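Chain by chain, the residues:
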Amino acid sequence: MDSLFTVANSTSSAALAHSRRVFLEGSQLPVRFAALAPYAVFTLGEIGFGCGLNFLSTWQLWQKSAHKDARLHFISLEKTPLTPAKIAHALALFPELALLRESLLALYPFPADNPVNRLYFDKGRVQLTLIFGDVADGLNEWLPSLQCGQKVQALQAHYGPEFRYCDAWFLPETGQSATAMTPALFAILAKLSHQHTTFTPAKNAITLAPEHPQNSDYTSFPRHYNFSESWHLLPSQASKLSESTPEQVSNTRPSVAVMGAGLAGCHSARALAERGYKVTVYEGAEHIAAGASGNPQGVVYTRFSHEKNALAQFNVAALRFADGLYQQGYYGTSGEHTGVFQQEEDAQARADAQRTTAHEVALKYHENPRFAHAISTTQAKTRVCDKVVHPGLFTHFGGWMRPDALCAQLLDHPNIRLQLAHRLNALEHIPSPLNPSTARWQMTFDEQPNATADIVIIATAGAAIALPQLAHLPTKNIRGQMSYLQLPAHSAPNLQAPACGEGYVGPAFSDKQHQTRDQTPQVTLCFGATFDVKQHSLDVIEIDNHKNTQMLKSLLPGFNLPASAQLKGRASLRCSTPDYLPLIGPVPNIAPFMETFSDYRKSKNWRIDALGQYHPNLYMSVGHGSRGLTYTPLAAELLACLINGEPIPIAESLYKHCHPARFTLRNLIRNKW
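### A few points about the overall build of the chain
Here's step 1: For the chain, the helix and strand inventory stands at 20 helices and 28 strands.
Here's step 2: Here the chain holds 673 residues, and 57% of them are scored as buried.
Here's step 3: Put simply, of all contacts in the chain between residues at least 6 apart along the chain, 76% involve residues at least 24 apart.

Right under this line is the structure:
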């Protein structure tokens, strides 16, 4: 909060005590946190993030007071974000917050590539959404969830029937953020609040008056807030929260079926399971991660750009979120958090591919070098591998994972049930026999009994368009073959982090299943991969192994494969889209959807205020291409927020570029339908 920087000559202990006394105790957060039931979500909004002291003190209290299965969503708006160095300097005065401070700084999104940034801490128990920019604009990024909007012309979005109102607000008393507190802004705050929401500035607290209906515009909000009424927890509210059980919470949630046990499906299932939903994952194969998610090793990374287009913005948002999530127990179990080296290409190659130089990226992130900084060849030899002979870009974000092990780890949750050998044949929305006024999805499987669910998520990559509901989507399958071999540990390159260029090579990892008779330690070295839009065979092609070997030499010229190496390969089909952004969200009901927006054929500026038509409770997460490890965690978070009525983890403007209706709208405008 800005006010914390104006406490003249205050000691660090006094500043922390001020935060706890005014905001935590003033909002009665200790008792409110303790009263939360498992899977309950407490949403807290703040105007003015500052150095993050209020967030860290709230997080510390949450760790001490809240149930282990409850979730804190802290949403803070900041017009002028501080640099990581300034935040580190300010928070260095509070040694008891050191561990939390380092976790925050490791993921802090600066510079602000995106106006909305979702950070993931404590295995999802704590989520921080930082919204950068004008306060009113930032709050309106939150508002679309409230509208349950299907206005495609305005939002191109869809939200579930529930909305997660804010339970408490921390408001500024002085400083730049306080000047934004106008009557119009209070009207927006009221739309985001319920009748028991508390508003706490630096001196006082208030609870919304019970006689005001929920979601009122609150046009009578005071022009100048000078709150004197103390907050009190209503006994009925406390009783309701404390008496709920995990079973009661789960039984009130709709049932969810996820089609596909690859990265997209497993992440989607886990994101909803951690919110208390009972999820069944159906996989057509006899094992999980059967498609592109089944490669022995993959890299968590993305290509950086100095541009601000939608793809560049999504890449950054996805990498930040994935890296934060994988640090919560996935790195170290299913992979390693090593950072990633991106080799600098020669000038002609960069020009041909219109690629950004390492210098341009490093200049953009010069105040946050953890995210990306240029390194020389000498530095690369020390930091990455002594076989590297080119300079490049290094990021501390990302590393490598074993996708099959990651999928298994994601599915290991009491709220998730796995059904293998369930190949989906048909999907039909049918009335419920128990309640004719409601309808559910019926899934017909090959050689398996039918099943039903309230909500269905399609995460079957290129196979998704086999369903009539998704047949209109312009996905394409790109064949990719990666290569791998087992070799003695002493013969492997001493890679400390994945090296990427036109392809990738990951650090060799041990595999106890492959040992020689004399028990010589063996490791697996993976590298690749090819891109082929014309071939669709899953057979291993030797010429592609040769291409991968040449790519390996370009990354590690000083390394030669052993003459006796028995090179193996694995081919799979990556599902991609024409604009290389994934398809995440509700599935349009294409015929009435096109009819509603048919006037776009006349002009893209035609104003259409009608609602978009979607198949009820049918969602999708496909088209992640070769970035499945990086894209699917954020995609799953987005779906979970849409279904659970939470603010979405990316800006509304960026979500439009990932929405499944975008190609339909573009084709109507271009008169291609």
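### Topic: the pattern of salt bridges
Here's step 1: On inspection of all chains with the given rule, the structure shows 16 salt bridges.
Here's step 2: When salt bridges that share partners are traced, they join R71, R118, R275, E637 and E646 into one network.

### Brief notes about the confidence of the model for the chain
Here's step 1: Averaged over every residue, the pLDDT of the chain is 85; residues scoring 70 or more account for 83%.
Here's step 2: Confidence drops under a pLDDT of 50 for residues 1-9, and excluding neighbours within four residues, the segment shows 25 contacts in the predicted structure.
Here's step 3: Per-residue pLDDT stays below 50 along residues 208-248; that stretch engages in 79 contacts with residues further than four places along the chain or on separate chains.

### Brief notes about the sheet that holds strand β28 (residues 614-622)
Here's step 1: A sheet is described by the order of its strands in space; here six strands give the open sequence β16-β9-β8-β20-β28-β27, paired in mixed fashion. Looking at which strands have only one partner, the edges of the open sheet turn out to be β16 (416-419) and β27 (583-588). The average angle at which neighbouring strand axes cross in this sheet is 25 degrees, direction not considered.
Here's step 2: Two elements, strand β20 (residues 455-458) and β28, share three bridges in a ladder whose sense is parallel. Looking at the pairing, V456 lines up with L618 of β28.
Here's step 3: Its contacts with the sheet put helix α10 (residues 263-273) on β8 (256-259), β9 (279-282), β16, β20 and β28, and the angle it makes with β9 is roughly 170 degrees.

### A few points about the pairing of β8
Here's step 1: On β8, burial covers both faces: V256 and V258 on one face and A257 and M259 on the other are all buried.
Here's step 2: Bridging between β8 and β9 involves four bridges; their strand directions are parallel. Looking across to β9, one finds that A257 is bridged to T280.
Here's step 3: Relative to β20, β8 runs parallel, the two being bridged by four bridges. Looking across to β20, one finds that V256 is bridged to I455.

### Comments concerning the packing of helix α3 (residues 53-65) against helix α5 (residues 98-107)
Here's step 1: At a closest axis distance of 10 Å, the pairing of α3 and α5 adopts a crossing angle of 120 degrees. The angle between α3 and α5 places the two elements in the oblique class. The handedness of the crossing between α3 and α5 is right-handed. Here α3 contributes F55, L56, W59, Q60 and Q63 to the contact with α5, which in turn contributes L100, R101, S103 and L104.
Here's step 2: Looking at side-chain class alone, the contact of α3 with α5 contains five nonpolar, three polar and one charged residues.

### As for the packing of α10 against helix α15 (residues 403-411)
Here's step 1: Orientation of α10 relative to α15, taken along the N-to-C sense of each, is 25 degrees, at an axis distance of 9 Å. As the angle between them shows, α10 and α15 are arranged roughly parallel. Of the two elements, α10 crosses α15, and the hand of that crossing is left-handed. For the pair α10 and α15, contact is made by L263, C266, H267 and R270 and by P403, L406, C407, Q409, L410 and L411, respectively.
Here's step 2: In terms of residue class, the contact of α10 with α15 is built from seven nonpolar, two polar and one charged.

### Considerations on empty space enclosed by the protein
Here's step 1: Evaluated as defined, the whole model comprises three cavities of 30 Å³ or more.
Here's step 2: Taken together, 15 residues make up the lining of the largest cavity; nearest its centre are Y120, R270, A271, E274 and L325.
Here's step 3: Among the secondary structure elements, those contributing two or more residues to the lining of the largest cavity are α10 and α18 (628-644).
Here's step 4: Taken together, V116, N117, R118, L119, A317, R320, F321, L634 and P649 make up the lining of the second largest cavity.
Here's step 5: Breaking the lining of the second largest cavity down by element, the ones donating at least two residues are β3 (116-121) and α11 (310-326).
Here's step 6: Of all the elements, β3 adds the most residues to the lining of the second largest cavity, at four residues.
Here's step 7: A class-by-class count of the residues in the lining of the second largest cavity yields six nonpolar, one polar and two charged.

### Quick notes on the nonpolar core
A general trend in soluble globular proteins is that nonpolar side chains are found buried together.
Here's step 1: Among the nonpolar cores identified, the biggest contains 105 residues, and F55 and Y326 are the most heavily contacted of them.
Here's step 2: Beyond its immediate chain neighbours, meaning those up to four positions away, Y326 contacts H267, V300, Y331, M401, L406, L629 and P633.

### Looking at the environment of H306
Here's step 1: Turning to its location among the elements, H306 is positioned in the loop between β10 (298-300) and α11.
Here's step 2: In this structure H306 comes out as partly exposed when scored by relative accessible area, which is 38%.
Here's step 3: Taking the C-alpha atoms as reference, H306 lies 6.6 Å from K364; in sequence the two are 58 residues apart.
Here's step 4: Not counting residues up to four positions away in its chain, the partners in contact with H306 are T356, E360 and K364.

### Describing the packing of aromatic side chains
Here's step 1: Considering all chains together, one arrives at 25 aromatic pairs under this definition.
Here's step 2: With a centroid separation of 6.4 Å and 40 degrees between ring planes, the pair formed by F49 and F55 is classed as tilted.
Here's step 3: Residue classification places F55 among the buried residues on the basis of a relative accessible area of 0%.
Here's step 4: With centroids separated by 5.6 Å and ring planes inclined at 80 degrees, the aromatic side chains of Y120 and F321 adopt a geometry described as edge-to-face. Of this pair, Y120 sits in strand β3 while F321 is found in helix α11, placing the two residues 201 residues apart along the sequence.
Here's step 5: Given a relative accessible area of 6%, Y120 falls into the buried group.
Here's step 6: Among the aromatic residues, ring-to-ring pairing joins F23, F49, F55, W59, F74, F121 and F170 into one connected group.

### Considering the side chain of S76
Here's step 1: Secondary-structure assignment places S76 in strand β2 (residues 71-78).
Here's step 2: Among the polar contacts made by the side chain of S76, one reaches the side chain of E46 at a distance of 2.6 Å.
Here's step 3: If near-sequence neighbours (up to four positions away) are discounted, S76 is found in contact with E46, G48, F49, T129, L130 and I131.

### Some words on the sheet that holds strand β19 (residues 448-453)
Here's step 1: Pairing within the open sheet is antiparallel, and its three strands lie in the order β17-β18-β19. Single-partner strands in this sheet number two, and they are β17 (424-431) and β19. Within this sheet the neighbouring strands show an average axis-to-axis angle of 20 degrees, counted without direction.

### Observations concerning the environment of D167
Here's step 1: Inspection of the secondary structure puts D167 in strand β5 (residues 166-170).
Here's step 2: For the pair D167 and T198, spaced 31 residues apart in sequence, the C-alpha to C-alpha distance is 6.6 Å.
Here's step 3: Leave out the neighbours within four places in its chain, and D167 touches R32, V41, F42, T43, H194, H196, T197 and T198.
Here's step 4: A polar atom in the side chain of D167 sits 2.9 Å from the side chain of H194.

Cut-offs used in this document
- Residues numbered from 1 in each chain as written.
- Predicted model: local features only at pLDDT ≥ 70, side-chain atom pairs only at ≥ 80, totals over all residues.
- Heavy atoms only, no water.
- Helix = DSSP H or I, 4+ residues; strand = E, 2+ residues; numbered from the N terminus.
- Buried < 20%, exposed > 50% of the residue type's maximum accessible area, 1.4 Å probe, protein only.
- Contact = heavy atoms within 4.5 Å.
- Salt bridge = Lys/Arg side-chain N within 4 Å of Asp/Glu carboxyl O.
- pLDDT = per-residue confidence, 0-100.
- Pairing = 2+ DSSP bridges.
- Axes fitted to C-alpha atoms, helices over the stretch in contact; angles between N-to-C directions.
- Parallel < 35°, antiparallel > 145°, perpendicular 65-115°, else oblique.
- Left-handed = near helix turned anticlockwise from the far one by under 90°.
- Nonpolar A, V, L, I, M, F, W, Y, C, P; charged D, E, K, R; others polar.
- 1 Å grid on protein atoms, 1.4 Å probe; cavity = no way out; pocket = protein on both sides within 12 Å on 5 of 7 lines; lining within 4 Å.
- Points joined across faces, edges and corners; volume = space filled by probe spheres on them.
- Core = buried A, V, L, I, M, F, W, Y, C linked by side-chain atoms within 4.5 Å.
- Phe/Tyr/Trp six-rings, centres within 6.5 Å; stacked < 30°, edge-to-face > 60°.
- Polar contact = N/O pair within 3.5 Å; in protein donor to acceptor, adjacent residues only side chain to side chain.

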